[in-house]
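Letter by letter, the chains look like this.
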Protein chains: 2
Amino acid sequence: METKQKLLVAKIGGNIIEDKNALDSFLKDFSKVEGPRILIHGGGKSATKLASRLGVRTEMIDGRRITSAENLEIVVMTYAGLLNKTIVAGLQKNNCNALGLTGADANLIVADKRPAQFVDYGYVGDVTSVNSKTLKGFLELGITPVFCAVTHDTNGQLFNTNADTIASEIASAMGAYYDVSLFYCFELKGVLENIEDKDSVIEYINLEKYSELRDAEAISDGMLPKLKNCFDALQKDVSKVHIANADFIKDNTIKHTTLSL
Amino acid sequence: METKQKLLVAKIGGNIIEDKNALDSFLKDFSKVEGPRILIHGGGKSATKLASRLGVRTEMIDGRRITSAENLEIVVMTYAGLLNKTIVAGLQKNNCNALGLTGADANLIVADKRPAQFVDYGYVGDVTSVNSKTLKGFLELGITPVFCAVTHDTNGQLFNTNADTIASEIASAMGAYYDVSLFYCFELKGVLENIEDKDSVIEYINLEKYSELRDAEAISDGMLPKLKNCFDALQKDVSKVHIANADFIKDNTIKHTTLSL
């Protein structure tokens with residue numbers, strides 16, 4: 001059996017992006033990772049700040065942004081503009097040949113508008129396909145793709161799409177070519193048994209434990225969709241999934257959460 | 001002698017970008033152009049609008065934006081975010097495999113901060129190099145690069161850079177590999193003899209005529225740097241330069257201005 005090349009797919013969220021020192025430090029560490037890698041970033045807090053400066057109302061339901069046309073413009077300006085290019089320039093500074101992307105660029109991530117059922121989320125897209133072949137082409141050119149959480153429908157419409165989900169979908173699609181590790185990087189040490197105790201990291205979560213935690217309502221609302229994304233990836237073609245602090249990228253011996261089926 | 005493949009480098013400005021119908025129509029026509037092509041877009045008017053909504057002062061000297069740190073953020077949000085991704089999604093709709101770019105992406109355009117002499121332009125960059133090899137790699141993958149007017153210094157700093165100049169620099173650099181036509185596309189029919197008479201197109205301008213016009217102060221201030229960019233490109237490796245209305249892209253028999261040495 002042929003051994004696949006390793007690929008790291010890492011996702012960073014608002015708490016790193018919003019903190020200049022934390023971001024600089026992460027980008028430095030990420031640049032040192034050997035071999036192909038893909039970065040996905042969120043940016044909701046910055047979008048909310050810009051909306052507030054522009055007097056545009058931000059409405060969230062279950063931690064998801066209701067994306068009106070006006071909110072979509074703000075999302076695209078913030079995610080694809082300021083945050084994405086700041087991260088790209090920061091990686092270039094560390095000799096990592098980053099290329100900033102939305103799903104519309106090179107038609108990399110196609111999505112469908114989420115149907116309005118109980119909630120009309122507006123211009124929110126659910127991923128239907130990832131153009132893994134073009135992405136592989138970029139990696140083979142020595143390029144590090146950097147995705148923000150924007151997709152398109154191939155008919156001219158951009159969408160706001162959850163960054164955790166994009167990371168999971170990209171990792172899953174790239175599993176066809178690579179031995180993929182998916183790393184959700186955030187401010188805590190991992191998934192916590194007790195949200196009040198920052199050290200109460202649950203080190204291993206399998207499907208059974210996930211059901212238990214979910215049924216016992218033992219984990220926070222925000223963590224549930226993240227865990228779903230992790231197990232979606234594991235059930236496709238992803239070898240390893242970790243939820244950990246940003247420092248995990250330079251030291252994989254620190255306490256963190258590992259997911260498995 | 002080997003015949004080089006043709007490459008179109010087109011630049012569109014604010015008057016097309018700001019007008020949804022004009023932009024849709026241009027993107028449709030641009031998508032029909034056969035063979036490799038690169039698009040560069042401006043967007044100053046949108047940046048000025050956003051600045052005004054945010055209560056940030058816009059200061060222009062000789063038609064050039066004084067780019068404070070706050071203005072740079074607005075420029076990056078507008079050019080690299082909203083406008084670039086709207087254009088990319090619009091091209092994808094027309095089956096043109098567009099990839100939106102700043103100079104930081106894949107390290108494509110490196111610039112130096114313009115030194116503060118008589119005027120301190122702030123975060124404005126003057127292009128020092130174009131990574132034509134990577135750009136050629138993208139074209140060979142069937143990708144259409146779409147550049148906004150943002151560059152970087154490889155040390156983490158983004159810059160605002162004139163879109164006309166970026167178009168000229170890209171066209172010149174790509175001349176090493178391609179038979180390049182550079183097309184400055186705007187709202188008028190071409191360079192006008194008399195700004196009051198929209199039909200008074202000067203059909204041919206060579207270096208001698210350019211000097212005459214400049215010395216006689218017969219052309220508008222805004223047109224002078226554009227003409228300089230045209231002749232810079234011709235003096236490097238660019239075969240043809242045209243200044244014309246957007247319709248020129250589908251009908252090259254309409255009245256327009258052709259530049260030659």
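Quick caveat, the model's predicted, so the values are computed rather than measured.

K.L.:
Whenever I open this one, the packing of aromatic side chains confuses me. Can you help?
P.N.:
Where two aromatic rings form a pair, the distance of their centres and the angle of their planes describe that pair. A full pass over the atoms with the stated rule returns seven aromatic pairs over all chains. Summarising the aromatic geometry, the rings of Phe138(A) and Phe138(B) are spaced 5.7 Å apart at their centres and angled 75° between planes, so their arrangement reads as edge-to-face. Of the two residues, Phe138(A) is situated in helix 5 (residues 132–140) and Phe138(B) in helix 5 (residues 132–140); the pairing between them involves two chains. Ring centres 5.1 Å apart and planes at 65° place the aromatic pair Phe183(A) and Phe248(A) in the edge-to-face group.

K.L.:
Would you take a moment to explain the sheet that holds strand 11 (residues 178–186) of chain A for this structure?
P.N.:
Residue and element names in this part refer to chain A. Spatial strand order, 5-8-2-1-11-13-14-12: eight strands in an open sheet with mixed pairing. With one partner strand each, in any of the chains shown, strand 5 (98–101) and strand 12 (204–205) form the two edges of the open sheet. Strand direction decides the pairing type here: strand 11 and strand 13 (residues 240–245), joined by six bridges, are parallel. Across the sheet, Phe183 pairs through a bridge with His242, a residue of strand 13. With respect to the sheet, helix 6 (residues 163–174) is in contact with strand 1 (5–12), strand 2 (37–41), strand 8 (144–147) and strand 11, its orientation differing from that of strand 11 by roughly 165°.

K.L.:
Explain the sheet that holds strand 11 (residues 179–186) of chain B to me, please; I cannot follow it from the model alone.
P.N.:
Two strands in a sheet stick together by hydrogen bonds in their backbones, pointing the same way (parallel) or opposite ways (antiparallel). Residue and element names in this part refer to chain B. Taking strand neighbours across the sheet as the criterion, the eight strands line up as 5-8-2-1-11-13-14-12 in an open arrangement whose pairing is mixed. Both edges of this open sheet fall to strand 5 (98–101) and strand 12 (204–205), since each of them pairs with a single strand only. Each of strand 1 (6–12), strand 2 (37–41), strand 5 and strand 8 (144–147) is contacted by helix 5, which is oriented at about 130° to strand 8, the strand it contacts most.

K.L.:
Would you explain the relation of the copies chain B and chain A in this entry?
P.N.:
What relates the pair of chain copies is a rotation about an axis plus a shift along that axis. Screw-axis analysis of chain B against chain A gives a translation of 0.0 Å along the axis, an RMSD of 0.0 Å, and a rotation angle of 180°. On this basis, the relationship between the two copies can be described by a two-fold rotation axis. Looking at the rotation axis and the C-alpha trace of chain B, the residue lying nearest is Gly81(B), at 1.8 Å. Comparing interface residues between copies, 100% of those in chain B also lie at the interface in chain A; the contact surface is shared.

K.L.:
How do you make sense of the UniProt feature "binding site: substrate" (unreviewed entry) in chain A when you look at a structure like this?
P.N.:
All names here are of chain A. With numbering aligned to this structure, UniProt lists the feature "binding site: substrate" (unreviewed entry) at Gly43, Gly44, Arg65 and Asn160. Over a stretch of 118 residues, the named residues converge on one spot in the fold, their C-alpha atoms separated by at most 11.6 Å. Within the secondary structure layout, Gly43 lies in the loop between strand 2 and helix 3 (44–53). Judged by relative accessible area, which is 6%, Gly43 ranks as buried.

K.L.:
Looking at this structure, I do not really get the pairing of strand 8 of chain A. What am I missing?
P.N.:
Successive side chains on a regular strand alternate, one facing one side of the sheet and the next facing the other. Residue and element names in this part refer to chain A. Both faces of strand 8 are covered, namely the face carrying Thr144 and Val146 and the face carrying Pro145 and Phe147. With four bridges joining them, strand 5 and strand 8 adopt parallel strand pairing. Across the sheet, residue Leu99 finds its bridge partner in strand 8, namely Pro145.

K.L.:
In this structure, what is going on with the interface of chain B and chain A? I would like to understand it.
P.N.:
When the parts come together, some accessible area is lost, and that loss is often what is quoted as the size of the interface. Between chain B and chain A, the residue contacts involve 35 residues of the former and 35 residues of the latter. Buried area between chain B and chain A, both sides added, is near 2900 Å², and the carbon and sulfur share of it is 69%. At the junction of chain B and chain A, the tally comes to four salt bridges. The tally of links between chain B and chain A comes to eight residue pairs in polar contact (both at pLDDT 80 or more). Those elements giving two or more residues to the side of chain B that touches chain A turn out to be helix 3 (44–53), helix 4 (69–93) and strand 5 of chain B. Sorting elements by how many residues they give to the side of chain B that touches chain A places helix 4 of chain B first, with 13 residues.

K.L.:
Looking at this model, I keep getting lost on unusual backbone geometry. Mind explaining?
P.N.:
Keep in mind that most residues, glycine aside, have a negative phi and that most peptide bonds are trans. With a phi angle near 55°, Asn107(A) is a residue other than glycine that sits in the positive phi range. Relative to the helices and strands, Asn107(A) is located in the loop between strand 5 and strand 6 (109–113). For Ala106(B), which is not glycine, the phi torsion reads 55° and is therefore positive. Assignment of secondary structure puts Ala106(B) in the loop between strand 5 and strand 6 (109–113).

K.L.:
How should I be thinking about the packing of helix 6 (residues 163–174) of chain B against helix 8 (residues 223–235) of chain B in this particular structure?
P.N.:
In a pair of packed helices, the angle between the axes and the distance between the axes together describe the arrangement. All names here are of chain B. Closest axis-to-axis distance for the helix 6/helix 8 pair is 9 Å, and the angle between their directions is 5°. With respect to their mutual orientation, helix 6 and helix 8 come out roughly parallel. Here helix 6 contributes Asp164, Thr165, Ser168 and Ser172 to the contact with helix 8, which in turn contributes Lys226, Asn229, Asp232 and Ala233.

K.L.:
So what exactly am I meant to see when it comes to the packing of helix 2 (residues 20–32) of chain A against helix 4 (residues 69–93) of chain A here?
P.N.:
All names here are of chain A. Where helix 2 contacts helix 4, the two axes come as close as 9 Å, and the packing angle between them is 55°. By the angle between their axes, helix 2 is oblique relative to helix 4. Helix-helix and strand crossings are classified by hand; for helix 2 and helix 4 the assignment is right-handed. Of the residues in helix 4, those touching helix 2 at Leu23, Leu27, Phe30 and Ser31 are Ile87, Gly90 and Leu91.

K.L.:
Got a minute to help me understand the side chain of Arg37(B) in this structure?
P.N.:
Residues and elements named next belong to chain B. Of note, Arg37 is situated in strand 2. Although Arg37 is buried, it forms no salt bridge, and the closest oppositely charged side chain is Glu34 at an N-O distance of 9.0 Å. Within the local environment of Arg37, its side chain forms a polar contact with the backbone oxygen of Ser31, the two atoms lying 2.7 Å apart. Apart from residues lying up to four places away in sequence, Arg37 is in contact with Leu7, Leu8, Phe30, Ser31, Lys32, Cys96, Leu139, Thr144 and Pro145.

K.L.:
Would you mind going over the UniProt feature "domain: Aspartate/glutamate/uridylate kinase" (unreviewed entry) in chain A with me for this structure?
P.N.:
UniProt marks residues 6–245 of chain A with the feature "domain: Aspartate/glutamate/uridylate kinase" (unreviewed entry), using the numbering shown here. Its end C-alpha atoms 21 Å apart, residues 6–245 of chain A is made of 40% helix and 25% strand.

What counts, and at which threshold
- Along every chain, residues carry numbers that run from 1 in the direction the sequence is written.
- The naming scheme follows written order: chains are lettered A onward, ligands numbered 1 onward.
- Since the coordinates come from a predicted model, pLDDT governs what is reported: local features require at least 70, and pairs of side-chain atoms require 80 or more to be given and counted, while whole-chain, interface and lining totals use all residues.
- Excluding hydrogens and water, the side-chain values take into account all heavy atoms of the structure.
- For Phe, Tyr and Trp, where Trp contributes only its six-membered ring, two rings pair if their centres lie within 6.5 Å, and the inter-plane angle classes them as stacked under 30 degrees, edge-to-face over 60, or tilted in between.
- To qualify as a helix, a DSSP run of H or I must reach at least 4 residues; to qualify as a strand, a run of E must reach at least 2; elements of each kind are numbered from the N terminus.
- Strand pairing is defined by DSSP finding a minimum of two bridges between the two strands.
- Whether two residues touch is decided by their heavy atoms; if any such pair falls within 4.5 Å, the residues are in contact.
- Note on definitions: angles span 0 to 180 degrees between N-to-C directions of axes, and those axes are lines fitted to C-alpha atoms, for helices only across the stretch in contact.
- A residue counts toward the fit only if its pLDDT is at least 70 in both copies, and the copies are then superposed by least squares on the C-alpha atoms of those residues.
- UniProt positions are given in the numbering used here, feature names are shortened, and annotations may be inferred rather than shown by experiment.
- Categorising residues by exposure relies on relative accessible area from a 1.4 Å probe, with only protein chains included: less than 20% of the type maximum marks a residue as buried, more than 50% marks it as exposed, and the intermediate range marks it as partly exposed.
- Summed over both partners, buried area is the accessible surface (1.4 Å probe) that two parts give up on being assembled.
- For this analysis, a salt bridge means a side-chain nitrogen from Lys or Arg found within 4 Å of a carboxyl oxygen belonging to Asp or Glu.
- Within 3.5 Å is the distance limit for a polar contact, defined as a pair of N or O atoms, with the added protein rule that one can donate a hydrogen and the other accept it, and that residues adjacent in sequence qualify only through two side-chain atoms.
- Roughly parallel here means an angle under 35 degrees, roughly antiparallel means over 145, roughly perpendicular means 65 to 115, and every remaining angle is called oblique.
- A crossing counts as left-handed when the near helix is turned anticlockwise from the far one by less than a right angle, and as right-handed when that turn is clockwise.
- We count Lys and Arg on the positive side and Asp and Glu on the negative side, and we leave His and both chain ends out.

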